Amino acid sequence: MVDQQIEVRRSRRRRRTVSAYRDGDRIVVLIPASLSKKEEAEWVETMVARLERQERRRKPSDEDLLKRAKALGDEYFGGIAVPASVRWVDNQQSRWGSCTPGDRTIRLSRRLEGMPGWVVDYVLVHELAHLFEPHHNEAFWGWVDRYPHAERAKGFLLGWSAAARLEPPPGESDEGEVDEVD
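The rules behind each value
- Residues numbered from 1 in each chain as written.
- Predicted model: local features only at pLDDT ≥ 70, side-chain atom pairs only at ≥ 80, totals over all residues.
- Heavy atoms only, no water.
- Helix = DSSP H or I, 4+ residues; strand = E, 2+ residues; numbered from the N terminus.
- Buried < 20%, exposed > 50% of the residue type's maximum accessible area, 1.4 Å probe, protein only.
- Contact = heavy atoms within 4.5 Å.
- Areas by Shrake-Rupley, 256 points an atom, 1.4 Å probe, with all protein chains shown as cover.
- pLDDT = per-residue confidence, 0-100.
- Expected span 1.5 Å × (residues − 1).
- Arc of directions from axis to C-beta.

## Topic: the overall build of the chain
Argument step 1. Counting its secondary structure elements, the chain contains 5 helices and 6 strands.
Argument step 2. Shown N-terminal to C-terminal, the secondary structure of the chain runs as helices and strands in the order β-β-β-α-α-β-β-β-α-α-α.
Argument step 3. Expressed as a percentage of the 182 residues in the chain, the buried residues total 39%.
Argument step 4. Looking at the chain alone, contacts between residues at least 24 apart form 45% of all its contacts between residues at least 6 apart.
Argument step 5. For the chain, the accessible surface area stands at approximately 10,900 Å², while carbon and sulfur atoms represent 47% of it.

## Focus on the confidence of the model for the chain
Argument step 1. Per-residue pLDDT for the chain has a mean of 87; in total, 88% of the residues score no lower than 70.
Argument step 2. This stretch, residues 174–182, has a pLDDT under 50; its non-local contacts, to residues over four places away or in other chains, come to 17 contacts.

## Regarding helix H5 (residues 150–163)
Argument step 1. Between its first and last C-alpha atoms H5 spans 20 Å; for 14 residues at 1.5 Å apiece the expected length is 20 Å, and the two agree.
Argument step 2. Buried within H5 are the following residues: Ala-150, Ala-153, Lys-154, Leu-157, Leu-158 and Ser-161. For H5, the arc enclosing every buried residue in end-on projection is 135°, short of the 170-degree limit, so these residues lie on one face. Of the exposed residues in H5, the ones pointing more than 90 degrees away from its buried face are Glu-151, Ala-162 and Ala-163.
Argument step 3. Where H5 is buried, its residues meet helix H3 (117–130) and helix H4 (138–144).
Argument step 4. Two residues or fewer after H5 comes Arg-165, characterised by a positive phi angle close to 60°.

Here you go:
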């Protein structure tokens, strides 16, 4: 909470609920007008901590991504896909992620930050599969489809791309069919 700009808004209409949200660089906490100063301080501390936890979950660090990728690799690929590093990058505007099998590195587009965890997990699983299967062939998709939310995540990303008027990433058409890569 240090160096945080916090605005508390009291409402006479608000009876029991307390909520908080980020508005730019500040955190706004909405409380009932009937709360005492002590209750206000307790609720502000609680709600700021809750909001910060939510934000950390939505925007994991590179270290968090690596831990998550290793766990997904163990769960869906029996440990045969172990990345050396996973990191966020700003230079991917047409892809959600990429990997280099030679040095076992995975990069995820920052556009994924804030998307549901199961979508980020899908992109991680997709890139992990490339560590041992470089092409978008039937074998590759067989591995990726072990992830139970694969179809749902593909649909989410295709819908997001359509709403943003972006082309689907290479290897996936708008019907969800696989394009062969030589």
